[in-house]
Amino acid sequence: MTPPCRVFPASQLESEIQVNDGKLRKGGRINLSACELFSMVQYECQIDRPEMANSPVRCWPVQRWFRRCQDKRGSFMVETTLWEGNKVKNDSGGGT
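Definitions and cut-offs
Residues numbered from 1 in each chain as written. Predicted model: local features only at pLDDT ≥ 70, side-chain atom pairs only at ≥ 80, totals over all residues. Heavy atoms only, no water. Disulfide = S-S within 2.5 Å. Helix = DSSP H or I, 4+ residues; strand = E, 2+ residues; numbered from the N terminus. Buried < 20%, exposed > 50% of the residue type's maximum accessible area, 1.4 Å probe, protein only. 1 Å grid on protein atoms, 1.4 Å probe; cavity = no way out; pocket = protein on both sides within 12 Å on 5 of 7 lines; lining within 4 Å. Points joined across faces, edges and corners; volume = space filled by probe spheres on them. Nonpolar A, V, L, I, M, F, W, Y, C, P; charged D, E, K, R; others polar. Pairing = 2+ DSSP bridges. Axes fitted to C-alpha atoms, helices over the stretch in contact; angles between N-to-C directions.

Draft legend 1. Region of the structure containing the state of the cysteines. Applying the stated rule across the entire model yields two disulfides. Note on cysteine connectivity: cysteine 35 is disulfide-linked to cysteine 69, with sulfurs 2.1 Å apart. Looking along the S-S bond of the cysteine 35-cysteine 69 disulfide, the torsion reads about 115°, which is the right-handed sense. With cysteine 35 in the loop between β2 (23–24) and β3 (36–47) and cysteine 69 in strand β4 (residues 57–71), this pair connects stretches of sequence that are 34 residues apart. Taking the relative accessible area as the measure of exposure, cysteine 69 reaches 2% and is therefore buried. Between the sulfur atoms of cysteine 45 and its disulfide mate cysteine 59 the distance is 2.0 Å. With the S-S bond torsion at 110°, the cross-link from cysteine 45 to cysteine 59 turns out right-handed.

Draft legend 2. Region of interest: the layout of surface pockets. By volume, the largest pocket amounts to about 670 Å³. Cys5, Arg6, Phe8, Leu13 and Glu16 are, among the 22 residues lining the largest pocket, the residues nearest its centre. Along the lines of polarity and charge, the residues of the lining of the largest pocket split into 13 nonpolar, four polar and five charged.

Draft legend 3. Examining the sheet that holds strand β5 (residues 74–79) more closely. Taken together, three strands build an open sheet; the order of strands is β3-β4-β5 and the sheet is antiparallel. Two strands lie at the open edges of the sheet, namely β3 and β5, each paired on one side alone. Neighbour-to-neighbour, the strand axes of the sheet open up by a mean angle of 30°, direction not taken into account. Pairing geometry for β3 and β4, over twelve bridges, is antiparallel. Following the sheet pairing, cysteine 45 is matched in β4 by cysteine 59.

Limitation: the analysis is restricted to geometry and does not speak to function.
Written as structure tokens, this is what we have:
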């Protein structure tokens, strides 16, 4: 079984990645914006009428974003989907 994941708001992602196993990462501060950006498309699907054997299935793409960063121990991946969205809003002068 995998260890539990910490849950925190996307606004804290940049500070959260500075720590690994409760200790500051070696090699200096990680600049999340400078890490390599990757994307992946997954699909969320729903069956229109599950009680019917041949009911249509409708699917919608869900774009997810990740950054691959580097510290002294090697590379690590971080999902940044919400952070990327917040960054776009803040960069364009919008936001909440």
